[in-house]
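Letter by letter, the chains look like this.
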Amino acid sequence: QVQLVESGGGLVQAGGSLRLSCAASGRTFTSYTMGWFRQAPGKEREFVAAIGRIRNTYYVDSVKGRFTISRDNAKNTVYLQMNSLKPEDTAVYYCAADSTGLIRTDSRRYEYWGQGTQVTVSS
């Protein structure tokens, strides 16, 4: 099985930036879809961004132009660069992996999940 460990969360002022990292185990990392989801208190888990096997990407409208997902296959790591952060970005952010390598926005399609990392944006 694939194991995922997120890092890079923290407290930042509105307008600031954070870069989240997700370190993955397994030699099949390069074939997997990697996604980022977030969940705020009282809300359902929300798709944020995904990157496919061929490095195609997709973002939820609310983060387009501000967030960038990327992957470094040599390091078995996926990143989420978050710029121009807003208070509404505050949530626990989760890294997820899917073996198809195709873009998915439904959390139920992802097989493996990290433990989450807290992102808090103050106004």
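Here is a short report on the structure shown in this document. (Residues numbered from 1 in each chain as written. Predicted model: local features only at pLDDT ≥ 70, side-chain atom pairs only at ≥ 80, totals over all residues. Heavy atoms only, no water.)

Here we take up unusual backbone geometry. Excluding glycine, most residues fall at negative phi; most peptide bonds, likewise, are trans. The phi angle at asparagine 76 is positive, at roughly 50 degrees, despite the residue not being glycine. Summarising the element assignment, asparagine 76 is placed in the loop between strand E7 (67-72) and strand E8 (77-82). Phi at serine 84 takes a positive value of approximately 50 degrees, unusual for a residue other than glycine. Structurally, serine 84 can be placed in the loop between E8 and strand E9 (91-98). Note on serine 84: relative accessible area 42%, which makes it partly exposed. (Helix = DSSP H or I, 4+ residues; strand = E, 2+ residues; numbered from the N terminus. Buried < 20%, exposed > 50% of the residue type's maximum accessible area, 1.4 Å probe, protein only.)

The alternating pattern of strand E1 (residues 4-7) places Leu4 and Glu6 on a buried face and Val5 and Ser7 on a face that is not buried. For E1 and strand E3 (residues 18-24), the ladder comprises four bridges, and the chain directions are antiparallel. If you follow leucine 4 over to E3, its bridge partner there is alanine 24. (Pairing = 2+ DSSP bridges.)

So, on to the sheet that holds E8. What the four strands build is an open sheet, ordered E1-E3-E8-E7; its pairing is antiparallel. On the outer flanks of this sheet lie E1 and E7, each paired with one strand and no other. With strand direction ignored, the average angle separating the axes of adjacent strands in the sheet is 15 degrees. Across six bridges, E7 lies against E8 in antiparallel orientation. What sits directly across from aspartate 72, in E8, is threonine 77. (Axes fitted to C-alpha atoms, helices over the stretch in contact; angles between N-to-C directions.)

Time to look at the state of the cysteines. For the structure on display, the rule yields one disulfide. A sulfur-sulfur distance of 2.0 Å marks the disulfide that ties cysteine 22 to cysteine 95. The sign of the S-S torsion, about -80 degrees, decides the handedness of the disulfide formed by cysteine 22 and cysteine 95: left-handed. On the criterion of sequence distance, the pair formed by cysteine 22 in strand E3 and cysteine 95 in strand E9 is long-range, its members being 73 residues apart. In this structure cysteine 95 comes out as buried when scored by relative accessible area, which is 0%. (Disulfide = S-S within 2.5 Å.)

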